[in-house]
Amino acid sequence: MKGWTGKILWVDLSRKSFSVQSYDAKLALDYVGGRGFAARILWDHAPAGVDPLSPENLLIVAAGPLTGLPGPSTGKLVVASKSPLTHGYGDGNIGTRAAVEMRKAGYDAVVVRGRAEKPVYLYVEDGKAELLSAEELWGLDTFTTQRRLEEVHGREAGILLIGPAGERKVAYATVISQEGRSGGRVGIGAVMGSKNLKAIVFKGSSEPEVADKEALRRLAADAYREIKRKPAYAFWMRQGTMMTIQWSQENSVLPTYNFSEGVFEESSSIDGFAMEKLKVKQRGCPNCNMTCGNCILDDEGAVSELDYENVAMLGSNLGIGDLRKVARLNRLADMWGVDTINLGAALSYAAELSQRKLISERIEWGDFDAMLRLAEDIVEKRGLGAVLSEGLREASAKLGGADFAMHVKGLSISAYDCHAAPAMALSYGVSPIGAHHKDAWIISWEVAHGRFEYSKKKVERVVELQRIRGGLFETLVACRLPWVEVGLELDWYVRLFNAATGLSWALSDHVRVADRIYSLIRAFWVREYAAEGRGWSRLLDYPPAKWFKEPLTKGPLKGARLDPLKYDEMLGYYYSIRGWDFRGVPRETTLDSLGLSDVKDELKKYIQLAS
Ligand code: SF4
């Protein structure tokens, strides 16, 4: 096989043992890499109903056939596991030197099981692996840990690590790299913490063998040039995703006061133009020429890397209109290793509980000090913070207010209000990891194509986007933003893949892989919920009740809310395109046609399947 290293490193922390799996071509051809590998490995090797924080759960770090090779934004990897937040399939991607170094060290993926007796970190270099003591690192924040490990292993090492939130198993603890690159908001950091695994360090000196090195090099150089030629490139380089604050405000989708409104009175204080006035540097992922990590100094004078989701969730959604204060919350979240979207959603939910007098704590919108104290309590697991550290689904079961706990399947909604965006609401509802925008960011298309409609065309567009965003890019593994934001054509990625692997695939071949992975991931959710006795129903694919029941009270779309019956019709059509039954469970025939007959046989042990 060319393009792939063909090797997966398996690590058992309980037994302190390692083994190298030379996987066969079928895995590569059926699942490509990244999310595809992670989903298949989890299905095959995680015991059904496994406790996500038990030693038996798996932590998977997976690259794809483009990872680390020449080509736009290929410095990414996927971290995955059964999620402690949702109890279903969970993954996230991170742009990091670790992606490049893992492949140079000779592996496409690393799978970790077991639990170390004492804190350790995994060191992988050129086909060798060892466990080293992390006792002196335990308790340190992620920035300090990164620097300590770089002192030992050099600045060129690729490092994935956790902070105090992961160590304390906050359900939405993330994996952090390079002081601000974060991924795995479904709680992958907590899975690492449960295994007493503080970090993974990669160093390598070989390159994955590719089919046509010269063609790949030329294609990559042309693709980089093409990105720079795109009209949207210049403004992207100024603001990156921060330009979305202004767009969201203008289109009434900026999450405000716990997703009660789509406009924020102080949006211009936290938008891309406000950021530009404070910008001190720009950072990015490896192999990327459209670096979007815009850094400012926060109100304590420390560097904080901003993007749209962080600023919306920790700014407008909390009623905080001071960008330097938002930046402090954002930096602390990165240092603790906790997801900014879930954190913002937990704080805004608590503030709404307080306004409605459902809790005794007083938290006003915009009260930065109160929000900061509660954020610290979440990471320390103290008082109300301890309840919120379990995620919105668990917290609302204890505190009430389920209608305004803004999550799907336990994962909090990322930063787009959907009172007047039914397709975006659907994409949150049927995302394979819980409410996340990664798989089908349809909001800009929806705003441009009749946002109040509930049409078949919109559902078809959600599926189309899932196939590309959640399929192609999550398996290659490469960043989707050159395509999304400046319009680099998809054909570039297909050609890069073919040059690396020697295959002659068309985009439709990648789409078929994507469909296989979506049904496999859905089968995993259904199996895990059945095995845990949670049951499965289509209501799990519904967005939060607030968007159906409580209309917007401000802005140009005042009065707008979602229609439950029309939403349900769209959901039914989505299931029919996917070949899933009325519950959202893959049909027998669907699994057979996708080459998942073995999955069908296993799934039938847990739930009756429609033919
Ligand atoms: S566009 Fe941004 S997120 Fe994507 S690879 Fe480049 S720096 Fe990373």
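All residue numbers refer to positions counted from 1 along the written sequence of the respective chain. Owing to the predicted nature of the model, reporting of local features is limited to residues with pLDDT of at least 70; listing and counting of side-chain atom pairs is limited to 80 or more, with chain, interface and lining totals taken over all residues. Processing note: side-chain calculations cover all non-hydrogen atoms of the structure and skip hydrogens and water entirely.

A few words on the domain arrangement of the protein. You can read the domains of the protein as domain 1 (7-203), domain 2 (251-415) and domain 3 (417-487 + 506-611). Boundaries of every domain are those given by an automatic assignment or by a domain database. Taking the mean C-alpha position of each, domain 1 and domain 2 sit 26 Å from one another. A contact between two residues is defined here by any heavy atoms of the two lying within 4.5 Å. Taken together, the contact between domain 1 and domain 2 spans 36 residues of the former and 32 residues of the latter. Reported buried area values correspond to the accessible surface (1.4 Å probe) lost by two parts on association, with both partners' losses combined. Taken together, the two surfaces of domain 1 and domain 2 that pack against each other cover about 2,600 Å², and 52% of this comes from carbon and sulfur. The salt bridge criterion pairs a side-chain nitrogen of Lys or Arg with a carboxyl oxygen of Asp or Glu, the two atoms within 4 Å. On inspection of domain 1 and its partner domain 2, the count reaches three salt bridges. Between Arg-181 and Glu-305 there is a salt bridge, with the nearest N and O atoms lying 2.9 Å from each other. The numbering of helices and of strands both runs from the N terminus, where a helix is a DSSP run of H or I of at least 4 residues and a strand a run of E of at least 2. When contributions to the side of domain 1 that touches domain 2 are tallied by element, the ones reaching two or more residues are α3 (97-104), α4 (142-153), α5 (164-167) and β11 (181-183). For the side of domain 1 that touches domain 2, the element with the highest residue contribution is α5, accounting for three residues.

Now for the environment of Gln-282. Tracing the backbone shows Gln-282 in strand β13 (residues 279-283). Counting along the chain gives 14 residues from Gln-282 to Ile-296, while the straight-line C-alpha distance between them is 8.9 Å. Excluding its chain neighbours within four sequence positions, the residues that come into contact with Gln-282 are Met-237, Thr-291, Gly-293 and Asn-294. Pairs of N or O atoms are called polar contacts if they sit within 3.5 Å, as long as, within protein, a hydrogen donor faces a hydrogen acceptor (for residues adjacent in sequence, only side-chain-to-side-chain pairs). A polar contact of 2.9 Å, which involves the side chain of Gln-282, links it to the side chain of Lys-279. From its side chain, Gln-282 meets the backbone oxygen of Thr-291 in a polar contact 2.9 Å long.

In the vicinity of the ligand, the residues found are Ser-73, Lys-76, Gly-284, Cys-285, Cys-288, Met-290, Thr-291, Cys-292, Cys-479 and Leu-481. Residues are sorted three ways: Asp, Glu, Lys and Arg are charged, Ala, Val, Leu, Ile, Met, Phe, Trp, Tyr, Cys and Pro are nonpolar, and all the rest, Gly among them, are polar. Taken together, the residues that form the shell around the ligand break down as six nonpolar, three polar and one charged. A molecule or strand has a residue near it when one of that residue's heavy atoms lies within 4 Å.

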